[in-house]
Amino acid sequence: MMVAVLGLIAGVWGLHQLPVLPVLLEGPLRVFLPVAGALVALGWVQAARRGSPFTWLPAASLGLLAGVWLALPHATDWSGKVVGPEWSGVEVSVRAQVVSLPEHGERRSRFRVGVSEIEQGSPGLELEGRELWVSTFPARPAIQVGDSLRLDLRLRGVDGPRNPGGFDAAGWFYREGMHGSAVARSVTPLAGVHEGARGRVIMHRLRAAMQARLERAAPDLRHPGLVQALVIGNRQAMTESEWQAFLHTGTNHLMAISGLHVALVAGFAGGIAGWLWSGVAVIRRLRRWLFMGVVGLVAATGYAVLAGFSIPTQRALLMLIALTLAVLSRREGVAWRALALAAAMVLIVHPPSVLAPGFWFSFGAVAVILLLLQGRVGTTGWREGLRIQVVLAIAMLPLSLAWFQLGSWVAPVANLVAVPMVTLLILPLLLVGALLAWGWPAAGGLLLCIADGLLALLVMTLEALAGIPVLVDQRHVPVAASLLGGVAVFLALQPLARRLAPWIAVAAIALVAPLRPELGAGQWRVQVLDVGAGQATIVETRRHALLIDAGPGREGGFSAGDRIVVPALRAGGIRSLDTLMVTHEHAGHAGGVAAVREQIPVGRTLRRTPVSHDNDESCEKGDQWNWDGVRFEVLHPPPGWNDDSSASCVLKVEGADATLLVMGGLDGLGEAVMRRGTAGFAVDLLVAPRTSNPRALQDDWLAQFPPGQVWAATTAEGAGLPDEARKRLELSGIPLYETGRSGALVTSSAQLDRAPATGRPRTRFWHPQKP
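Residues numbered from 1 in each chain as written. Predicted model: local features only at pLDDT ≥ 70, side-chain atom pairs only at ≥ 80, totals over all residues. Heavy atoms only, no water.

Novice: Please set out the overall build of the chain residue by residue, giving values where relevant.
Specialist: In terms of helices and strands, the chain carries 25 helices and 23 strands. Taking all 771 residues of the chain together, 51% fall into the buried category. (Helix = DSSP H or I, 4+ residues; strand = E, 2+ residues; numbered from the N terminus. Buried < 20%, exposed > 50% of the residue type's maximum accessible area, 1.4 Å probe, protein only.)

Structure, rendered in structure tokens:
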């Protein structure tokens, strides 16, 4: 069974690595997989009858074919319904129903809708039966789950910025089963309920009612977001500081209703059922273990429904069902059989779960615990618990570094404090308090306040632990290195680990090896990130790093510095910046600076208008410095200019074999001033100014500073470089690469003769091809 399940996982995972889906469900090839599966199954039976030692091979092959056969229809169906990039920006009027718990913020509301009818739209556009992620500005707190609405939408595709270490937006839409996003220009409530999503709507209405009860019973909680996360699985109300405290201490799993929470509820309910069985004669007609198991499963299912039946909760419930069935069967190897059965059930129900980090963390953690406990029957106590926590934290480190760019060495200590506190004190108080809030609000509110006080104490403890910098490792590890690290963990958990020590060391060294080849003296590497309506450029030499601008951002809202720039820096192994240059104070260039400075140490900051930081300096023509044989020189503006786009800082990076010129947001007037005050030179790579001025990159400027190639930071719609400039570059025969088309652009001074690498070198079938 284990081999077949591993084959199933490999089949599902392998299909999701393809850039294009195979067409196996049409024509004569429709029966290929079933026939192949039947032949492999027949070979498996024959091998088992003959006692062949290779029975695992047909079992693995059968699982592999089954995995592909299960995942392919789901992927094909989603791909056929997704809103393509050709429809981005199109306006349409639809009738739809809210099918999720809305997220209401200060500036906007977001919710998931199921579209039932298009009232007005472009010919050829099909949205019926699709689900969209809709945002409204300003927030509309009156919108509730189950509401039927008439929406005037501006459609968006599923793809997002494409950067090293960045968030895969299209992959998230695919995992969540949504087919696109949109911004609502107007919202009109309608009467009536669509039948298609009635069950899901009822579930989310129950969650909304519970949320309202919690807020009425205890309106003055210090950590209402944490309370909602643990009771109804809604983490949207958590503050950033709360989330960072749990994330940096490796305890963020406690804020996602998963196996630990569901098993705890099942255990409590089973214990109460056992007590009732002993005292009620009618119930004693049933077998005690059967009654306790059924009651525990019912309670766990109810909690999963209250948590929104999210994918992690489904996974936890399926694992619990599998474990219960395995225990009831009273067979040997119960734990491993239950783990394999649960993994198979999760992928059968929702194949894209194989892409979720929670899938690998959940099953990986259970597998590590089982490996630790094998052959140690009866070993209990705090020392065994400490051993499990320490080894588990180390074992999960490769996955955490690969997925979250974060490894917490303080996690064993933090989990020893947080896990018992949450599971034995806080969660029971919250669940009992939530139930009492329906009929006895005063008593329920008291229990909720006690739990809130314990949460406050826990958050203070975690913040203190997270404040020890040497115990938090924030960097990105490639997938291959993470896999090798996983191999090292597996070998270390084997009984003969000491004999395998050399191999363990060889596998583990991938976690600390350099992420990319070192640069030589006089060489530089550049990345222009895909930040949308802004610009951010990373320049590296052998031992130094410079960030030029940090993309758009606003206080209390989206920040490219936090979402894009910092992950890209960590993905490149950059833990600190020697210099941060802000070319000018436009929001598209300076908006993300604050977020970068909060998370990445910065040596000095060059900007047009220095603010009240000790390391801020003015950026003016004539500034020069040298790093590792590479010369940096600011060519514009002259002293005394203001801080608008015409005074944008322009930086020349001159290496041993190539010259880079970064223009920031320089417009036509600034270009003219720079042309008159700077002697001409050849530019191997020009990072074009981000501007809408049609006079940008005039022919005489291109003649004075002839570029070998031009990179432009643009949006998916092409904003950021005027069409007039594109035409001039085309007529001059100068190659142009745009982030809006290719994602982030990456190259080095030694590789300018090749096309630049992009932010997503490997695409998957859910990534749309931009027109």
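Let us keep going from here.
Novice: Describe the sheet that holds strand β22 (residues 745-748), naming the residues involved and giving the relevant values.
Specialist: Think of a sheet as strands paired side by side through backbone hydrogen bonds, with each pair either parallel or antiparallel. One open sheet accounts for eight strands, arranged β14-β13-β12-β11-β10-β9-β22-β23; its pairing is mixed. In this open sheet, the two strands that pair with only one neighbour each are β14 (616-618) and β23 (757-758). (Pairing = 2+ DSSP bridges.)

Novice: I'd like to hear about a nonpolar patch on the surface, residue by residue, with values.
Specialist: Taken together, the side chains of I272, W275, L276 and V280 define a hydrophobic patch exposed on the protein surface, amounting to about 410 Å² of accessible area. You can see V280 is positioned in the loop between α8 (259-279) and α9 (288-306). (Patch = residues over 30% accessible without salt bridge, like charges linked within 9 Å, V, L, I, M, F, W, Y side chains within 5 Å. Areas by Shrake-Rupley, 256 points an atom, 1.4 Å probe, with all protein chains shown as cover. Salt bridge = Lys/Arg side-chain N within 4 Å of Asp/Glu carboxyl O.)

Novice: How would you sum up the side chain of D628? Please name residues and give values.
Specialist: Summarising the element assignment, D628 is placed in the loop between β15 (624-627) and β16 (630-636). In this structure the side chain of D628 is engaged in a polar contact, spanning 3.1 Å, whose partner is the side chain of H544. Beyond its immediate sequence surroundings of up to four residues, D628 is in contact with A521, G522, T541, R542, R543 and H544. (Polar contact = N/O pair within 3.5 Å; in protein donor to acceptor, adjacent residues only side chain to side chain. Contact = heavy atoms within 4.5 Å.)

Novice: Account for the environment of L149, naming residues and giving values.
Specialist: With respect to the helices, strands and loops of the structure, L149 is situated in strand β5 (residues 148-156). A sequence separation of 52 residues divides L149 from Q97, and the C-alpha atoms of the two residues are 6.1 Å apart. When near neighbours in sequence (up to four residues on either side) are disregarded, L149 contacts V94, R95, A96, V98, F111, I143, V187, T188, P189 and L190.

Novice: Account for the packing of helix α6 (residues 224-232) against helix α15 (residues 411-439), naming residues and giving values.
Specialist: A packed helix pair is summarised by two numbers, namely the angle formed by the two axes and the spacing between the axes. Contact geometry of α6 with α15 gives a least axis separation of 10 Å together with a crossing angle of 85 degrees. With respect to their mutual orientation, α6 and α15 come out roughly perpendicular. Listed contacts from α15 to V227, L230 and V231 of α6 are V422, I426, L427, L430 and A434. Considered class by class, the residues forming the contact of α6 with α15 number eight nonpolar, no polar and no charged. (Axes fitted to C-alpha atoms, helices over the stretch in contact; angles between N-to-C directions. Parallel < 35°, antiparallel > 145°, perpendicular 65-115°, else oblique. Nonpolar A, V, L, I, M, F, W, Y, C, P; charged D, E, K, R; others polar.)

Novice: Please give an account of helix α22 (residues 668-677) that cites residues and values.
Specialist: Buried residues of α22: G668, G670, E671, A672 and M674, and no others. The inward-facing, buried residues of α22 abut β16, β17 (650-654), β18 (659-662) and α23 (699-704).

Novice: So what's going on with the nonpolar core? Residues and values would help.
Specialist: In terms of nonpolar packing, the biggest core is built from 51 residues, with L230, V231, M255, V262, I426, L430 and L458 touching the most fellow members. Those elements that place two or more of their residues in this core are α5 (198-217), α6, α7 (240-248), α8, α9, α10 (311-329), α15 and α16 (441-466). Counting residues per element, this core draws most heavily on α15, which supplies 11 residues. Ranked by size, the runner-up nonpolar core spans 35 residues in total, among them A322, V354, L355 and W766. (Core = buried A, V, L, I, M, F, W, Y, C linked by side-chain atoms within 4.5 Å.)

Novice: An account of the environment of V630 is requested, with residue identities and associated values reported.
Specialist: Tracing the backbone shows V630 in strand β16. Setting aside residues up to four positions removed in sequence, V630 forms contacts with G522, Q523, W524, T541, W625, V653, E654 and G655.

Novice: Give me the pairing of strand β9 (residues 525-528): which residues, what numbers.
Specialist: By the alternation rule, side chains of β9 split into R525 and Q527 and V526 and V528, which are all buried. Two elements, β9 and strand β10 (residues 537-540), share four bridges in a ladder whose sense is antiparallel. In the sheet register, Q527 faces β10, and the bridge partner there is I538. Two strands pair when backbone bridges link them, and β9 and β22 are joined in this way by four bridges, in the antiparallel orientation. Residue pairing for β22: V526 is matched across the bridge by T747.

Novice: Give a description of the sheet that holds strand β20 (residues 710-712) that names residues and reports values.
Specialist: Read from one edge of the open sheet, seven strands run β15-β16-β17-β18-β19-β20-β21, paired in mixed fashion. With partners counted over all chains shown, the strands left at the sheet margins are β15 and β21 (736-738), one partner each. Neighbour to neighbour, the strand axes of the sheet diverge by 20 degrees on average, direction disregarded. Alignment of β20 against β21, held across three bridges, turns out to be parallel.

Novice: Which residues make up the pattern of salt bridges, and what are the values?
Specialist: Pairing of side chains with opposite charge becomes possible as their charged atoms draw close. Counted by the stated rule, this structure contains 25 salt bridges. Across the pair R110 and E103 runs a salt bridge whose closest N-O atoms are separated by 3.2 Å. E103 sits in the buried class, given a relative accessible area of 17%. Of the charged contacts in the structure, one is a salt bridge between E617 and R604, with a shortest N-O distance of 3.2 Å. Taken together, the residues E617 in strand β14 and R604 in strand β13 (residues 602-607) connect sequence positions 13 residues apart. For E617, a relative accessible area of 36% translates into the label partly exposed. Classification of R604 as partly exposed rests on a relative accessible area of 21%. What you see here is one network of salt bridges that share partners, running through R95, E119, R150 and D152.

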